[in-house]
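Read off the chains here:
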Amino acid sequence: MNVFSFLEDEMNLLKDLGTYRDLVPLESCQGPVVKINGKEYVQLSSNNYLGLTSHKRLINATIEATKIYGAGTGSVRTIAGTLEMHNDLEKQLAKFKKTEDALVFQSGFTTNQGVLSAILTDKDVVISDELNHASIIDGIRLTKATKKVYKHVDMKDLETQLKQCDNYRVRLIVTDGVFSMDGNIAPLPEIVKLAEKYNSIVMVDDAHASGVLGDCGRGSVNHFKLEGKVHIQVGTLSKAIGVFGGYIASDSILINFLKHRGRPFLFSTSHPPGVTAACSEAINVLLEEPEHMERLWKNTYYFKNSLKQLGFNISNSKTPITPIMIGEDHLTHKISDELFSNGVFAQGITYPTVRKGTARIRTIVTAQHTKEHLEKALYAFEKVGLLFKII
Ligand SMILES: *Cc1c(COP(=O)(O)O)cnc(C)c1O
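In this report, we go over the structure that sits alongside the text. (Residues numbered from 1 in each chain as written. Predicted model: local features only at pLDDT ≥ 70, side-chain atom pairs only at ≥ 80, totals over all residues. Heavy atoms only, no water.)

Taken as a whole, this structure holds 15 salt bridges when the rule is applied. Of the charged contacts, one joins D206 and K97 as a salt bridge, the two residues approaching to 3.9 Å between their closest N and O atoms. With D206 in the loop between β7 (201-205) and α9 (220-223) and K97 in helix α4 (residues 84-97), this residue pair connects regions lying 109 residues apart in the sequence. Taken individually, D206 and K97 each receive the classification buried, so the pair is uniform in this respect. D124 is paired through a salt bridge with R169; the nearest N and O atoms lie 2.8 Å apart. (Salt bridge = Lys/Arg side-chain N within 4 Å of Asp/Glu carboxyl O. Helix = DSSP H or I, 4+ residues; strand = E, 2+ residues; numbered from the N terminus. Buried < 20%, exposed > 50% of the residue type's maximum accessible area, 1.4 Å probe, protein only.)

So, on to the packing of aromatic side chains. Under the defined criterion, the tally for this structure stands at seven aromatic pairs. Ring plane angle 75 degrees and centroid distance 6.3 Å describe the contact between F303 and F381, whose orientation is recorded as edge-to-face. Here F303, found in helix α13 (residues 291-310), pairs with F381, found in helix α15 (residues 371-387); they are 78 residues apart in sequence, far enough to count as distant. In this structure F303 comes out as buried when scored by relative accessible area, which is 1%. We classify F381 as buried; its relative accessible area is 2%. Pairing F340 with F345 gives two aromatic rings, centres 6.0 Å apart and planes at 65 degrees, and the pair type is edge-to-face. A cation sits over an aromatic face here: K356 above Y351, 3.8 Å from the ring centre. (Phe/Tyr/Trp six-rings, centres within 6.5 Å; stacked < 30°, edge-to-face > 60°. Lys NZ or Arg CZ within 6 Å of the ring centre and 35° of its normal.)

Quick look at a nonpolar patch on the surface now. Where nonpolar side chains cluster on the molecular surface, the patch consists of M1, V3, F4, F6 and L7 and spans about 620 Å² of accessible area. Relative to the helices and strands, M1 resides in the segment before α1 (5-17). (Patch = residues over 30% accessible without salt bridge, like charges linked within 9 Å, V, L, I, M, F, W, Y side chains within 5 Å. Areas by Shrake-Rupley, 256 points an atom, 1.4 Å probe, with all protein chains shown as cover.)

Relative to the helices and strands, G348 is located in strand β12 (residues 348-349). Note on G348: relative accessible area 12%, which makes it buried. C-alpha separation for the pair G348 and D176, spaced 172 residues apart in sequence, amounts to 21 Å.

In terms of residue burial, strand β6 (residues 171-176) counts as a mostly covered element, since six of its six residues are buried. Alternating residues of β6 divide into R171, I173 and T175 and L172, V174 and D176, and every residue in both groups is buried. Note: strand β4 (residues 125-129) against β6, four bridges, orientation parallel. What sits directly across from S128, in β6, is V174. Summarising the sheet, β6 and β7 pair through five bridges and their orientation is parallel. Residue pairing across strands places T175 opposite V204, the latter belonging to β7. As for the winding sense of the linkage, the β-α-β connection from β6 through helix α8 (residues 188-197) to β7 is right-handed. (Pairing = 2+ DSSP bridges. Right-handed = clockwise from strand over helix to strand, strands pointing away.)

See the structure below:
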């Protein structure tokens, strides 16, 4: 008897809808061009904004730290798994984010889960943008706080909701800094204004803004010069930073609290030395090698303008994340497949990752793409766009 037949039914439904996808194994490192099944493809689906995953300085830092401190740490940090370099990276991140302190978690995902579940109780209310990342949604699910959702970047709706939140100990507004599937930037100045008016805490998840926005990639809070007014900054070390992990940058009091109550911090093993050393070197690279961010933005403007000129609907993204809006799930995957046949790896994003009817091909150019890579991709987009009559 197949005990999982109930899941098979669900998977068959996905296959009928044309949204069933197999994983695509890469046979090369994560670069501007990747090898799949022996062939090379222009990679437009990674979060490797600055190309740091394969930066020599990061690789060397990983090797050196691994040789000296080993492949793993063998413990959670509160018991026997904190190395000096773990603490040093946090000091470095706090300085980078211009906050009192910082705390690293195993991933961006666990950071949101750990922070939200630790600080909110049934006396509190959390008010969340409807397009926030799954890890924020799951973090909220783990709390007993009252949950409210405001319409995407809709400040009128946020205020309406805040007006109904008088009787709580804490009002926490949480938003992505850059929205991961749309590439638009959260209206942080307006959010901060409302937070001040209604005495609320502001938490920003800068997974797609760190290394992309602000001075040397300090993120959306720095981009809007709102340091000190956004109370909690979450970041990932897995995207533009090029390695793995997540962190929160905030006041010492919250960081210390999380060292006692942040469950992923307390119950999951700390990062291997090679990961921590590479993250630390990545921050050095951000500060010392501005050319990566410059190339990222040059490529971003070129790619966006070219797609627009070809007649694609690229929504209102303001960052290197450029969604090519298609609408229907099945068609989106067909277009992605056709791009693939033309040497371009650009994944379709469909329900439930985005709302029904808003399926898209999501692209991210990186600092490492050359003009030739992008021209090849644009040529494929034009060909496929005409074929499917979407331009
Ligand atoms: C990717 C992402 C995360 C998760 O970060 P990981 O380090 O990959 O776990 C969290 N929040 C947002 C907005 C993201 O895009």
